[in-house]
Each structure stands twice: as C-alpha cells, then as structure tokens.
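# Chain and residue survey
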Amino acid sequence: MKASDLFIAALENEGVEYIFGVPGEENLDFLESLRTSKIKLVLTRHEQGAAFMASTMGRLTGMAGVALSTLGPGATNFVTSAAYAQLGGMPLIMISGQKPIKSSKQGQFQILDVVDLMKPLTKWSKQIVNANNIPSFTREAFRLAKTERPGAVYLELPEDIAAETATDTDLFTRSTRKYARAAESVVKQAAELINQAKSPLLLIGAGGNRHESCSALSSFVEKTGIYFCNTQMGKGAIDERHPKYLGTAALSQDDYIHCAIERADLIINVGHDVIEKPPFFMQHDGAKTVIHLNYFPAKVDPVYFPQLEVVGDIESSMNYLAELIDTQRGWDYSYFERVNKANDEHIHESDNDPRFPMIPQRFVADVRRVMPDDGIVTLDNGIYKVWFARNYECHQPNTLLLDNALATMGAGLPSAMGAKMVYPDRRVMAVCGDGGFMMNSQELETAVRLNMDIVVLILRDNAYGMIKWKQQGMGFENWGLEYGNPDFVKYAESYGAKGTRIHSTEEFVPTLERCFEEGGVQLVELPVDYSENHRVLHEELAQKTCLI
C-alpha cells in the first residue's frame, strides 16, 4: 500500500472527519490519497486559522482535531496554534510535509528543523522516516493528544516517504482509557479537611470543564451546598444562574470573587493549574488549605503549592467526595452570601445603559439576551474578554469559549467556525475586537464557502484596547496603540458575507436576532465606548470590594 494511502487509512481509523489546512507541493501524495477518502478537507486561507479550528473541535469533542500544512513557512504558521492548543489543553494533531529526506535536488531551500522547533510547544514531535511506522505513529499521536492533560502533537511526512510503499499495513485498534480513581484514603482525608473547615470554597478550572465531570460537580454543589467560583476557562461547568455561584476570576485582583477567595479557609481546586492565569495567590502563613483535585499532580509554583493532592479521575473523585460530605453546621457562609449579592448587583447594574457607542456591560448583557442556553460565543482576545468572563453568565458547559492560557489574538473567528461544525444546529457567535479580527479575517471567505450560519460581532474602538487599559492603569500617556480600520460592512460584502453597522443601542438586539434568523455569514460592526474599563475595573472595584 502507498504510504500516503496508509496514513489516510490510519486517520480514518481514528475517527477523523475533517482535516483543516493549506496543502503545498510536498503534500500532493497525501492530498491525492485524501481525495478518495471519507475525510473532508476544509481548505482554509491560513494555517494558523486551520489549526485554531481543529483545536476548537478537539476542545468541544475530546477527539483530536487535525490540521495540515506544507513545509517551511506553512509549518511555522502552526507555531501559535500549537501553543494555543498545548497551553489550552486542547487535543490537536498537526501534519506537515517536508522535502525528500533520502535525496533532494533543492539543497536547503525552505528546509527548517520543524520537528525540533515544535518539541517545546507540543507533547510529541516526530518525523516519519519509514512508511511502516505510520500506523503506530498515528495511534500514538492521537493517544497522547487526548491523554490528560490534552494538547498538541506534530507529525512530519517527507515527500519521498509519502510516495513509498508500505509493507506493514496493519492498523491499531483505538484504545480506551478510564482514569484511575484517586486513592480512597486521600479522598477521605480531603473530605475530613472540608468537613472541618469554616468557609470552604470550590474553584473550577479548565480541567473540570469536561463533559464527564460537569454533572459530578453540579451534584457535589447540590449535595453539599458549598459555594463555587471558576476560572475563565472553567466557565459553565456548573450553570452560573445557580444561587451558590460567586463569579468568574476575570481580573487578577480587586474583584468581589477575590474577597471570597481571601476569606475562604479551604479551597477545593478542581481541574485548575497555573497554565491558566491564577485567580488566587497562596501564602506561606498556613492560613488557607488548598486541595488540588485533578487528573495529574500539582506543579509547585511560587504562587501555588497545595497541601493535599487528590490525583485521579475528576468525576469519580467528586462523586466519592459528595458521598463523604454533608452540609456542616459549623460552615459559615454569611460573608459569601454578601459577596454573592454585591457581585450580582454590580454585574447587572448597567445591563440597560442607553449610551452609544455601547459600553461593555450593555453589549455583554444584550449578547446574553440573544443567545439561547446552548448558544456558543467564541471570544478573540482583548479587553472585552474580561467583561464577558465577568458579566456573561454561562448556562451550559463550553458555551463561552475563550483562551486564558496563551491568550492569543486571532482565534475568535476560526474558533466559531470549528464550533459551528461540531454543533451545526446551535447559534454560534464570534466576538472579536477590531484588532484580533483582522489577524485572521481572511477566514470569512472559508466560512462563506462552507455555507456557515454564524454571526461575527466586531467591537470597534480603533485601538488595541486591552493594552490601552493597562497603559492607563499604569499612569502612562495614551500613545502608540491606535490605528485605522477598513469599512467592515464593505469588507464583509467583498467576501460574499452580509455586513451591518449598528447606529444606536436600541437596534443592537433586533439586528442580532435578524442576522441569526436570516442565516449565512453575518458581520455586525458595533462602535464601543471603553471609558468604563478604567473607571470600573481599576477604580470602582478597588474601592467597593472587600468592604461588604
């Protein structure tokens, strides 16, 4: 069997449905084998966008997404996406071509050691040098990409290897894995610490935001009555309309949630590690006990050194903990109740603010009004991410997709496209700043070509707003961060999408509803007023919080 045919057969064997990418001449044997496969090729306009789409599919399904590039510049365009998947815990397989390794007439033209380049960015990076290794390499790549903590894997297929004949064509059966239950004695020790605490608090990170663990977390809160909060990537693991929900760690400090964390004498830290921006900082004074509950041990960090580690399957650990814990008379949640009330009032106090250009509190509230419980909002990276993380209440897991690990710009639109392919019957909206959108805006053509029904909301402030906020917060002059923008309506129309510009606050919700009802690729340009960033996030919260 031809090696490229064997590779495609191995990918089919792994259940791959889509390959996203930009092929080159070194991929032509692979492309020809793909032509007759049941796997669909999604031709994108940039390799970075391709791997963002594949990563999002991996994040939502738990099955590794697959992206394809040529050698050299095509492969190096994978670098940001590899880091995005690796830090974000998303299973991703990247496949690149390479010049022939047995003989080449082009010297070192376009040749880079991409395998070594990818090693620090991935869980595994390998060049295939023998066609007979394709079945085992493919199986190992998918196994590693899915293994907790999920991440990125890179395989390089040289042109001459792709064309050679494989004699060992047996494919490997996909293995199944059930993570071991944490040691009974350790879970009992954790339960004892929780029962003896005065104000225990549950903190949910990205690792807890998995399909299999979310129901266990919800049941735990219902059984015990323990208050909970989450990191940005843990949003939605438990319905955030729950009366025990204290908020999301959108800021590093000076928010209501930090008051609760500060008062808690014990934190059950589920599925979180310091790759996510830490929502709290441990001290060496021993005043706070932290239980690390995850699939893998804690990595000790200057700001994170838990006293007890419950290592094993999160679902089974939480279910067992729930059996061992009952609501304790000694638990004092009076302060958490005040935090809950104050935070809720603060978040919703400007939901109906009529100002135009729109302020963040209002446009976040309006997006929530338009999206159903299962609707998916994907965020690019910018200051609006803080507002959505803080103010947007998720009703279901993984319905607000953001990146707070690499925190890269340019992923919002491709992530929405990947989400729409996983859930074609759900409403999907990409929310992008004008800066982040322009980094992969060319994927509008891909979305139009695929006949997608998505809404792309562009928040226009003509500047890199996140950095302007930081600049102002540090007392520096406003300098070096403003730019011009295209006419986004005409830009969308040039790709065959529909474009709309919002002219008043009152027309925003009806416009979004119309866009979803009409279908197709709809771009909505919304002028925004970010003056609230400094007033609320730097000044007001610092004065109000912890005085409750």
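Description of the structure in this document. Within each chain, residues carry numbers counting from 1 in the order of the written sequence. Totals for whole chains, interfaces and linings use every residue, but because this is a predicted model, local features are given only for residues with pLDDT of at least 70 and side-chain atom pairs only at 80 or more, for both listing and counting. Values shown for side chains rest on all heavy atoms present in the structure; no hydrogens or waters enter the calculation.

### Quick word on the nonpolar core
Convention followed: Nonpolar core, defined: a set of buried Ala, Val, Leu, Ile, Met, Phe, Trp, Tyr and Cys residues in which side-chain atoms within 4.5 Å join the residues together. Here the term buried applies to any residue with accessible area under 20% of the maximum for its type, exposed to any over 50%, and partly exposed to those in between, with areas from a 1.4 Å probe on protein chains only. The contact definition used throughout considers only heavy atoms, calling two residues in contact when any of these lie within 4.5 Å.
Membership of the largest hydrophobic core comes to 100 residues, with the highest contact counts inside it found for L202, M318, L321, F363, V367 and F388. Other than its neighbours up to four places away in sequence, F388 contacts K235, F363, V364, V367, V377, L379, L400 and V431.

### Some points on the sheet that holds strand β3 (residues 65–69)
Cut-off, in case you're wondering: Strands are labelled as partners when DSSP assigns at least two bridges between them. Helical segments are the DSSP runs of H or I of at least four residues, strand segments are the runs of E of at least two, and each set is numbered from the N terminus. To get an axis, a line is fitted to the C-alpha atoms, and for a helix only the part in contact is used. The angle between two axes follows their N-to-C directions and goes from 0 to 180 degrees.
One open sheet holds the 6 strands; their spatial order is β2-β1-β3-β4-β6-β5, and the pairing between them is parallel. Edge positions in the sheet fall to β2 (40–43) and β5 (124–127), since each has one partner strand and no second. Mean inter-strand twist for the sheet, computed between neighbouring axes without regard to direction, equals 20°.

### Examining the packing of aromatic side chains
The following threshold applies: Stacked, edge-to-face and tilted labels apply to pairs of Phe, Tyr and Trp rings (six-membered ring for Trp) whose centres lie within 6.5 Å, assigned for plane angles under 30 degrees, over 60, and everything in between, in that order. Two thresholds decide whether a charge sits over a ring: the Lys NZ or Arg CZ must be within 6 Å of the ring centre and within 35 degrees of the ring normal.
Applying the stated criterion across every chain, the model contains 16 aromatic pairs. Ring centres 5.2 Å apart and planes at 55° place the aromatic pair Y179 and Y295 in the tilted group. Of the two residues, Y179 is situated in the loop between α8 (159–163) and α9 (184–196) and Y295 in the loop between β11 (289–294) and β12 (308–311); the sequence distance between them amounts to 116 residues. Look at Y295 and you get buried, because its relative accessible area is 9%. Ring geometry for F437 versus F488: centroids 5.9 Å apart, planes at 70°, classification edge-to-face. In this pair, F437 sits in helix α17 (residues 434–437) while F488 sits in helix α20 (residues 488–494), placing the two residues 51 residues apart along the sequence. In terms of burial, F437 and F488 fall into one category: buried. Through a chain of ring-to-ring contacts, three or more aromatic side chains come together here, namely Y227, W331, Y333 and F336. We note R426 situated over the ring of Y423; from NZ or CZ to the ring centre the distance is 3.8 Å.

### What to know about the sheet that holds strand β18 (residues 521–527)
Ordered by their spatial adjacency, 6 strands build an open sheet running β14-β13-β15-β16-β18-β17, and the pairing between neighbours is parallel. Both outer strands of the open sheet, β14 (400–401) and β17 (498–501), are each paired with one neighbouring strand and no more. With 2 bridges joining them, strand β13 (residues 376–379) and β14 adopt parallel strand pairing. Paired with T378 across the bridge in β14 is L401. In the packing of helix α15 (residues 383–391) onto the sheet, contacts are made with β13, β14, β15 (428–433) and β16 (454–460), and the angle to β15 comes to roughly 135°. Relative to β15, helix α16 (residues 412–422) is tilted by about 175°, and along the sheet it contacts β13, β14, β15 and β16.

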